[in-house]
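Spelled out from the first residue to the last, the chains are:
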Amino acid sequence: MLLRSPSWLLLLSLAAFSVLSAQPERIVVDSVADLQACVDRPAGSPLVCALRSSPSPYAISSASLTIRRSDTTVEGVVEPGQDPPTLKRMDPDLKKMILVHKFASNVTIRNLQINGNSSLVPGNGIQDLSVEGSNVTVADNYFVDSASLSMFFNGPHFVLRHNTFGKLMAGGVVHAANGVRPSRTAILCWGPNATQFIIESNNVSDYNGAINVNDVPNGTDPAQASVISNNTFYHNSSCVPDCGGGQIYVSGKTTNVKITNNTINGGWAEASENRDTLHNYGIEVDKASYIYTSSNQIFNNSISGMWIGNGAHHITIENDNVYNNGLDGVQIAGSGRLLPVTDVAIIGLTAQHNDQHRSPRAPYPTLPRFWGVMIQDGGASKEVCIQDDSNLA
């Protein structure tokens, strides 16, 4: 018989108590007022504020739902047969419907539906969820009827994972969302503090722009890069006739972003009344530098699969598959008013059948078509290297 000393049993008991005590406190609420009161609790140990599912949306009016407390999770309570609870803007004066304050850190928002109620608000710059804090995770949410910006963040170490933009859950079934507004952007990342972000495994459909990364300097060390990976994009940049851009748009002072394993479908073949004027690229790199793309599937965009231009430099394109776009596979632009492009390496690129029918009314009707890679710069760009393992049929 194996015997245990009392001291051993005491250690086991203390270990069990330690595990139990490490679990965060969880408070379940059924109103916006109680949810705000929960996240307003004094700083301390980790806290979960859980919002019950409801057949009717929870209205947010008069003031933003603001999270200032660190180490806090806001989540929807979803029982079998229920949809995630919906938070809905009901005040046109709310610029930010939900705000994670810049002093908050280690915040998680998950399992909610966020309804921007676009018909209520007058114009651009309206944010449904705004994250200014650090080490914030937004996961497993539905963003619907977005006012202008579904998801805005400008804090460091942000994670956006497993969210659905442009659809809602109703009766256990995913439906297309109402309220398409041409100026809407699903995800906007802006400014010098929004570094080392991860955007992965999201589904974004029917916005003017899917992801806009603007003036986000991440240095040049690949180990410190921001990441956009394993997302699915469909029919974004659908503004007509000439105000669209890349479904993934990386611009300005942005550096050191890895764009990998995404599926980028422009939805151009399915377009009806605006097929001839639809304006979209798959990936657009405008002035940014030290950008790495790899293993993306880029197709069915009305112009080119990828656009690189206006002073962009240190760009690597590796093993991307670019096909069935309307103009070219990869378009490098650095002439006229655009700054020349430098240091572009194209490795193992497959660019085929980028010559789909476009009418004379299509964007840029005079540009040459059918190129796997088109360098449109009058010889100004330097060091554009296309490795011979690329397939540019």
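As shown above, the structure is provided for reference.
Residues numbered from 1 in each chain as written. Predicted model: local features only at pLDDT ≥ 70, side-chain atom pairs only at ≥ 80, totals over all residues. Heavy atoms only, no water.

Observations regarding the overall build of the protein
This is how it is decided: Strands are runs of DSSP state E lasting at least 2 residues, helices are runs of H or I lasting at least 4, and numbering of each runs from the N terminus. Each residue gets one of three labels from its accessible area relative to the maximum for its type: buried under 20%, exposed over 50%, partly exposed in between, using a 1.4 Å probe on protein chains only. Here, residues are in contact when the closest pair of their heavy atoms is within 4.5 Å. Note on areas: Shrake-Rupley with a 1.4 Å probe; residue coverage comes only from the protein chains shown.
What the protein contains, in helices and strands, is two helices and 37 strands. The proportion of buried residues among the 393 residues of the protein is 52%. In the protein, the share of contacts with a sequence separation of at least 24, taken over all contacts with a separation of at least 6, comes to 74%. Carbon and sulfur atoms provide 53% of the accessible area of the protein, an area that totals close to 16900 Å².

Looking at the side chain of E132
The condition is simple: The definition of a polar contact used here is a pair of N or O atoms within 3.5 Å, where within protein one atom must be able to donate a hydrogen and the other to accept one, and adjacent residues in sequence count solely through side-chain atom pairs.
Residue placement: E132 occurs in the loop between β10 (127-131) and β11 (134-139). Separated by 2.6 Å, the side chains of E132 and K96 make a polar contact. For E132, the contacting residues outside a window of four places in its chain are K96, L99, V100, H101, K102, N154 and G155.

Side note on the state of the cysteines
As a reminder, the rule being used: Here, two cysteine sulfur atoms that lie within 2.5 Å of each other are counted as a disulfide.
Scanning the entire structure with this criterion turns up one disulfide. Covalently, C38 is tied to C49 through a disulfide, its sulfur atoms 2.0 Å apart. Across the S-S bond of C38 and C49 the torsion is about -85°, and the bridge reads as left-handed. Taken together, the positions of C38 in helix α2 (residues 32-39) and C49 in strand β2 (residues 47-52) put the pair 11 residues apart, joining distant regions of the chain. Overall, the relative accessible area of 4% leaves C38 in the buried class. With a relative accessible area of 0%, C49 lands in the buried category.

Re the nonpolar core
As a reminder, the rule being used: Throughout this description, the term nonpolar core refers to a set of buried Ala, Val, Leu, Ile, Met, Phe, Trp, Tyr and Cys residues connected via side-chain atoms within 4.5 Å.
Ranked by size, the top nonpolar core spans 71 residues in total, and within it V138, M151, F153 and I187 carry the most contacts. Looking at this core, the element that brings in the most residues is α2, giving four residues. Excluding its chain neighbours within four sequence positions, the residues that come into contact with I187 are M151, F153, L160, F165, I199, V204, A210, I211 and N212.

Remarks on the pattern of salt bridges
As a reminder of what qualifies: Just to be clear on terms, a salt bridge is a Lys or Arg side-chain nitrogen sitting within 4 Å of an Asp or Glu carboxyl oxygen.
Using the criterion set out here, one finds six salt bridges in the structure. Of the charged contacts in the structure, one is a salt bridge between E25 and R41, with a shortest N-O distance of 3.0 Å. On the criterion of sequence distance, the pair formed by E25 in strand β1 (residues 25-29) and R41 in the loop between α2 and β2 is long-range, its members being 16 residues apart. Two residues, R110 and E75, come together in a salt bridge whose shortest N-O distance is 2.7 Å. Within this pair, whereas R110 is found in strand β8 (residues 105-110), its partner E75 is found in strand β5 (residues 72-77), the two being separated by 35 residues in sequence. Connected through salt bridges with shared partners, the residues R26, E75 and R110 form a single ionic network.

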